[in-house]
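This is what each chain is made of:
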Amino acid sequence: MLNKVLLIGHLVKDPEMRYTPSGVPVTTFRIAVNRPKNSKGERTADFIDIVAWRRLAEICGDYLKKGRLVAVEGRLRTRIYQTPDGQKRKVVEVEAINVHFLGKKEENSEPNSLEEPIEDVTSIEIESEEEILNELLEESEEVDE
C-alpha cells in the first residue's frame, strides 16, 4: 500500500509549536495550495493542515513564517477526536516527513530541506512547481529503491 503526499504552497500563518505531555515537540501549520484556473480563468486554493514531529517540528517552528513557499512530503492521516461537549470530529491532515524551503532565501541561515530524521540537507534551485515536484519524485524513488 502507498500513502504519499507531495504539496507545494505558501504558509497561511506562522506555525504553532507545542509539546506533548511527554515532551515531544509538534508543530502545526497550514499551507495554501493553488488549484488550476477554472473555466472562468479564476484561481482558487485548497488549505491543507500539516503536522511535523520531533526535530522536524523544532526546525519548522524556528524557521517557517507566514507567506513562505514550501514543498511538503508526507503521508495523509485521519484522526477522530471528541469535543468537550461530546461531539465527534474528524480531521484530515498531512504528517510531514520532509519539508523543503522554497523561494528566496531569508537573511538568516536556514536549511533548504528538512527531513525526519535529518540525513542530507539538499538545496533545490528549480523555477517551476512542476519541476520541483518532478525533482521530489525522483529523490523519493531513489530512497524507495
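Just so we're clear, the structure is a prediction, and the values are computed from it rather than from any experiment. (Residues numbered from 1 in each chain as written. Predicted model: local features only at pLDDT ≥ 70, side-chain atom pairs only at ≥ 80, totals over all residues. Heavy atoms only, no water.)

J.: Please provide a residue-by-residue account of the pattern of salt bridges, values included.
T.: For the structure on display, the rule yields eight salt bridges. Between Lys-13 and Glu-16 there is a salt bridge; the shortest N-O distance is 3.1 Å. Classification of Lys-13 by relative accessible area gives partly exposed; the value is 47%. Here Glu-58 makes a salt bridge to Arg-55, at a shortest N to O gap of 3.3 Å. Taken together, the positions of Glu-58 and Arg-55, both in helix H1 (residues 54-63) and three residues apart, correspond to about one turn of that helix. Taken together, the shared-partner salt bridges connect Arg-75, Arg-77, Arg-79, Glu-93 and Glu-95 into one network. (Salt bridge = Lys/Arg side-chain N within 4 Å of Asp/Glu carboxyl O. Buried < 20%, exposed > 50% of the residue type's maximum accessible area, 1.4 Å probe, protein only. Helix = DSSP H or I, 4+ residues; strand = E, 2+ residues; numbered from the N terminus.)

J.: Tell me what's going on with the layout of surface pockets, and back it up with residues and numbers.
T.: Of the voids in this model, the second largest pocket is the one considered here, and its volume is about 370 Å³. Lining the second largest pocket are 19 residues, and of these Arg-18, Thr-28, Val-51, Arg-79 and Glu-93 lie nearest its centre. Within the residue set of the lining of the second largest pocket, elements represented by two or more residues are strand S2 (16-19), strand S3 (25-34), strand S4 (45-53), strand S5 (69-82) and strand S6 (88-101). (1 Å grid on protein atoms, 1.4 Å probe; cavity = no way out; pocket = protein on both sides within 12 Å on 5 of 7 lines; lining within 4 Å. Points joined across faces, edges and corners; volume = space filled by probe spheres on them.)

J.: Describe the nonpolar core, listing the residues and the values that go with them.
T.: Counting residues in hydrophobic clusters, the biggest one holds 18 residues, and the most contacted among them are Phe-29, Ile-31, Ile-50, Val-70 and Val-72. For this core, the secondary-structure elements that each account for two or more residues are strand S1 (5-11), S3, S4, H1, S5 and S6. For this core, the element with the most residues is S6, which contributes four residues. If near-sequence neighbours (up to four positions away) are discounted, Ile-31 is found in contact with Leu-7, Gly-9, His-10, Leu-11, Val-12, Asp-46, Phe-47, Ile-48, Ile-50, Val-70 and Val-72. (Core = buried A, V, L, I, M, F, W, Y, C linked by side-chain atoms within 4.5 Å. Contact = heavy atoms within 4.5 Å.)

J.: So what's going on with the pairing of S4? Which residues, and what values?
T.: Relative to S4, S3 runs antiparallel, the two sharing nine bridges. Residue pairing in the sheet places Val-26 in a bridge with Trp-53 of S4. Pairing analysis gives two bridges linking S4 to S6, with the strands arranged parallel. From the neighbouring strand, Val-51 faces S6, where its bridge partner is Glu-95. (Pairing = 2+ DSSP bridges.)

J.: Can you break down the environment of Leu-76 residue by residue, with the values?
T.: With respect to the helices and strands, the residue Leu-76 is situated in strand S5. The exposure class assigned to Leu-76 is partly exposed, which follows from its relative accessible area of 43%. On a C-alpha basis, the gap between Leu-76 and Val-5 in space is 6.6 Å, while along the polypeptide they are 71 residues apart. The residues touching Leu-76, leaving out its near neighbours within four places in the chain, are Asn-3, Val-5, Val-92, Glu-93 and Val-94.

J.: Can you explain the environment of Glu-58? Please cite residues and give values.
T.: Since its relative accessible area comes to 24%, Glu-58 is described here as partly exposed. For the pair Glu-58 and Thr-27, spaced 31 residues apart in sequence, the C-alpha to C-alpha distance is 7.2 Å. If we skip the residues at most four places from it in the chain, Glu-58 touches Met-17, Tyr-19, Pro-25 and Thr-27.

J.: Just give me the short version of unusual backbone geometry, but keep the residues and values in it.
T.: For residues besides glycine, phi is generally negative; the peptide bonds are generally trans as well. Even without being a glycine, Arg-54 presents a positive backbone phi close to 55 degrees. Mapped onto the elements of the fold, Arg-54 is located in helix H1.

J.: Got a sec to walk through the pairing of S6? Specific residues and values, please.
T.: Here S5 pairs with S6 via 13 bridges, running antiparallel. Looking across to S6, one finds that Val-70 is bridged to Phe-101. Remark: five residues form the turn of the hairpin made by S5 and S6, two consecutive strands paired antiparallel; Gly-86 in that turn has positive phi of roughly 95 degrees.

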